[in-house]
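Spelled out, the chains give:
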Amino acid sequence: MAKYSIIVPAYNEEKSLQLFYDAVTPLMRNLQEEYEIIFINDGSRDATKEILRGLADLDKRVKVCNFSRNFGQQAALYCGMEMASGDAVIAMDADLQDPPEVAMEMIQKWKEGFDVVHGKRKKRSGETVFKRATAYVYYRFMRKITKMEMPTDVGDFKLYDRKVVDAILSMGEHDRLLRAQTAWVGFKQTFVEFDRPERVAGETHYTLKKMVKLAEDGIFPNTNYHLTLPIKLGLLLGFASLACFVTFIVLTCCHIFFGGLTAWLFPTVGALGGVILTCQGLTNLHVGMIYKEVQNRPKYIVAEKYNFED
Ligand code: UDP
Ligand code: MG
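Thoughts on the pattern of salt bridges
- Tallied over the full model, the rule gives 15 salt bridges.
- With a shortest N-O distance of 3.0 Å, Lys-111 and Glu-33 are connected by a salt bridge. A residue pair is termed long-range when its members are at least 10 positions apart, and Lys-111 in helix H4 (residues 100-111) and Glu-33 in the loop between helix H1 (17-31) and strand S2 (34-41) qualify at 78 residues.
- Notably, a salt bridge pairs Asp-175 with Lys-213, separated by 3.5 Å at the nearest N-O pair. Within this pair, whereas Asp-175 is found in the loop between helix H6 (162-169) and helix H7 (178-185), its partner Lys-213 is found in helix H8 (residues 208-219), the two being separated by 38 residues in sequence.
- Classification of Asp-175 as partly exposed rests on a relative accessible area of 37%.
- Here Lys-213 falls in the partly exposed class, since its relative accessible area comes to 36%.

Here it is as structure tokens:
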């Protein structure tokens, strides 16, 4: 019999929690398998803590982790993964924007042998055009520069097999975007589609500032693209200046007038700029290598092994 862990980050969700619990519990009970619901109270300032205490007192399968302050949804998801003891872990939002029935479909896919099941959004009710447009551009950009198989139109609503959870927890970086890490670890991934409803109560916590931070945490740990830009520009400028010098020398030798002494200033400044940018680029590459060491990700992840017993 399998055990499921539902992990739910909650920040000021006093109006949603009871509704969430009432929607999820009957479906989980119906499975007639073991489960736990882990709520991570991310430093809420409303009655979230008291409501969760009440739910936990009535139902031992409800577990609660109260953060000392607001650390963000990604930190809460990481905590949930660390606390989860299930064979499969399902991450869901507290506001019922991730429909519990879809979580049941994810479980079916897991039983068919998939290791990660993404919730893919077909319709995104209650989201501004700005949010949808930035998400569209961001994920396509991410795929291009990180060369990772990042599925589009998916958030953090996912099911993870135990081995995927362990792989993600073994990644040492501090600032993390779970959906990017999920793409990095690999394994057998699939998705179920759903129409994303509006939140059941309250308002989104994602301000523009938080969205920018999330975007950064997806990009910087996963690519060296930005670090290689100065060296590329520096070399380009260096070669352009060299070509300019050669042209000027040829023109001078052929006694063709081309602008006099001041004209030599352009390739000279260009060459100097090229040297400076190239040197900065080299430092950047080294910083990138140091970051990789600090990140301390596993060097490889084994999905299966055969004939290794004894
Ligand atoms: N959340 C959190 N900490 C935060 C912000 C959000 O734990 O700092 C939780 C929130 O309670 C919800 C989930 O993360 O369960 C998604 O947040 P939200 O619904 O505000 O995001 P949206 O669905 O608008 O992208
Ligand atoms: Mg939401």
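Regarding the coordination of the magnesium ion (ligand 2)
- Protein-derived coordination of the magnesium ion (ligand 2) comes from Asp-95 (OD) and Gln-97 (OE1), at a distance range of 2.0 to 2.1 Å. Across the pair, Gln-97 and Asp-95 agree in class, each one buried.

Let's talk about the nonpolar core
- Among the nonpolar cores identified, the biggest contains 34 residues, and Ile-6, Phe-20, Ile-37, Phe-39 and Ile-90 are the most heavily contacted of them.
- Elements represented by at least two residues in this core include exactly strand S1 (3-10), H1, S2, helix H2 (48-58), strand S4 (88-91), H4, strand S6 (154-161) and strand S7 (189-196).
- The element that contributes the greatest number of residues to this core is H4, accounting for six residues.
- In this structure, Ile-37 is in contact with Ile-6, Val-8, Phe-20, Tyr-21, Val-24, Thr-25, Arg-61, Val-62 and Lys-63, ignoring residues within four places of it in sequence.
- Phe-67, Val-89, Ala-91 and Val-185 belong to the second-largest nonpolar core, a separate cluster that totals 22 residues.

With respect to the site of ligand 1
- Close contacts around ligand 1 come from 19 residues, with Glu-13, Asp-42, Asp-95, Thr-204 and His-205 the closest.
- At a separation of 2.6 Å, a nitrogen atom of ligand 1 approaches a polar side-chain atom of Asp-42.
- Asn-70 is positioned such that a nitrogen or oxygen atom in its side chain is 3.1 Å from an oxygen atom of ligand 1.
- Contact with the protein chains hides 95% of the accessible area of ligand 1, taken as 530 Å² for the molecule alone.

How each quantity is defined
- Residues numbered from 1 in each chain as written.
- Chains lettered and ligands numbered in written order.
- Predicted model: local features only at pLDDT ≥ 70, side-chain atom pairs only at ≥ 80, totals over all residues.
- Heavy atoms only, no water.
- Salt bridge = Lys/Arg side-chain N within 4 Å of Asp/Glu carboxyl O.
- Helix = DSSP H or I, 4+ residues; strand = E, 2+ residues; numbered from the N terminus.
- Buried < 20%, exposed > 50% of the residue type's maximum accessible area, 1.4 Å probe, protein only.
- Donors = N, O, S within 2.8 Å, 3.2 Å for Na, K, Ca; no water.
- Core = buried A, V, L, I, M, F, W, Y, C linked by side-chain atoms within 4.5 Å.
- Contact = heavy atoms within 4.5 Å.
- Near = heavy atom within 4 Å.
- Polar contact = N/O pair within 3.5 Å; in protein donor to acceptor, adjacent residues only side chain to side chain.
- Areas by Shrake-Rupley, 256 points an atom, 1.4 Å probe, with all protein chains shown as cover.

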